[in-house]
Amino acid sequence: MTPRASEIRITRHNGGAPLIAPNENGWESGVTFNAAVAHLPRTSQNGAIIERLLDAAGRPEAAQDLVAVLYRARPRSDPGYLMTRSYVGLALFNTSLELIHRFPRPLLSPEAGKTDPDYLGVEDPRITRIGDRFVMVYCGCGEDRGTWRATLCTAESPDLLQWNKTGPIDLSYTGLAESGAFDQSYFDNLGSIRADNGHVNNKDGVLFPLQPDGWHYLLHRPMVGDISTWAIHLARSRSLAGPWQDLGPIMRAAPNPGWADAWIGAGAVPLDLGGGRYLEIYHSGHRAADGSSRLYTLGAAVFNLNRLDPANPRAIVESRLDNFMVPQTPLEIDGPFPDSVGNVVFTCGAYERNGEIVILYGGGDTFILAASVGKAQLLEAMQPVSAAAPL
């Protein structure tokens, strides 16, 4: 019998306690959450990178294999800005997810210029390995005449330590700008913040590994129109530098009883299943009718790039399973600090090890936690999606 989402066995690591929590280090004193992850088994390709990371940490003897966690952090207060700005930090773990070293300085920081796309923060990093470099896609949080704007940006590194920002993704949209302005109710729980309606705000950019036919594929989520119509889109390009062509939406959130609105966004970098098939762990957001109560859950989908039809991009969705992981522990349900959002599990990174999918996720938008789910059980529970099915 195929297991239901509620029957999926989730193992929370570290006894459910945080792998990373806010500390008194200014830039990460408020919240630490939404982490990218690079799993580095000791291979000929990874050996020099592991040595460089451990040397920088002052722990050359620490581990054979490494799990590098690049996480988003915000300070407790940030006077003079529209919101507390986001930074990206780095912590190293062994494969038992025991901390080896947490670096005291951020890897990436907001830029100082008010016109810079990440003036207000470097948000929600995802990291994909492309050849001999790591490519980070992040949300550049900017400001336009007192309004918030979100732009997908990239940065590159040879070793996960030294990063070069490469700027906004050159992404063209067809018809999106005319289909409706940003749904300002997205900020119902965040006070007076409002978004720039003249800009296609875009978040949750996730880059696939380079495909054998030379195409790069990108998941992204333009925030145009009513919040419940927001969808994961697929774009492609022959070059990381672009231009990128948006092929259109591939997935929307499934309605959830008891919640007035539901939306969706990509989460972890797709995990290679072989033969052009990928496992994607994504998030669904939900909002109650009162506007302030939120719920974020994790789902899973199999994307089959062999089914890609540029005129019908949703055909790549082979199967999906919504809400297999929901907030359950106090660290996931509660929002203890001003920048916390309670009732949240949200991932930017996962990896496979010993038949398990290990998911790094933000709990309550405050802590970095980890959980595992059996790969075979998760795939068995997936529900097939017809290539002709509507969104």
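Residues numbered from 1 in each chain as written. Predicted model: local features only at pLDDT ≥ 70, side-chain atom pairs only at ≥ 80, totals over all residues. Heavy atoms only, no water.

> Even after reading the chapter, I still don't get the environment of Arg 314, so can you show me in this structure?
Structurally, Arg 314 can be placed in the loop between strand S18 (294–304) and strand S19 (317–325). Sequence spacing of Arg 314 and His 233 is 81 residues, and the spatial spacing of their C-alpha atoms is 8.7 Å. The residues touching Arg 314, leaving out its near neighbours within four places in the chain, are Pro 249, Ile 250, Ala 389, Pro 390 and Leu 391. (Helix = DSSP H or I, 4+ residues; strand = E, 2+ residues; numbered from the N terminus. Contact = heavy atoms within 4.5 Å.)

> For this particular structure, what's the right way to read the sheet that holds strand S9 (residues 164–168)?
Pairing between sheet strands relies on hydrogen bonds along the backbone, with the strands arranged either parallel or antiparallel. If you walk across this open sheet you meet the four strands as S6-S7-S8-S9, and the pairing is antiparallel. Across the chains shown, the open sheet's two edge strands, defined by having one partner strand only, are strand S6 (121–130) and S9. Each adjacent strand pair in this sheet contributes to an overall mean axis angle of 30°, direction not counted. Two elements, strand S7 (residues 133–144) and strand S8 (residues 147–157), share 11 bridges in a ladder whose sense is antiparallel. Note on S8: the bridge partner recorded for Phe 134 is Ser 157. (Pairing = 2+ DSSP bridges. Axes fitted to C-alpha atoms, helices over the stretch in contact; angles between N-to-C directions.)

> Mind showing me how you'd approach the pattern of salt bridges here?
Opposite charge on two side chains permits pairing when their charged atoms draw close. Throughout the structure, instances matching the rule amount to 24 salt bridges. A salt bridge links Glu 51 to Arg 42; the nearest nitrogen and oxygen atoms lie 2.8 Å apart. For Arg 42, a relative accessible area of 30% puts it in the partly exposed group. Taken together, the salt bridges that share partners define one network made up of Arg 72, Glu 123, Asp 124 and Lys 203. (Salt bridge = Lys/Arg side-chain N within 4 Å of Asp/Glu carboxyl O. Buried < 20%, exposed > 50% of the residue type's maximum accessible area, 1.4 Å probe, protein only.)

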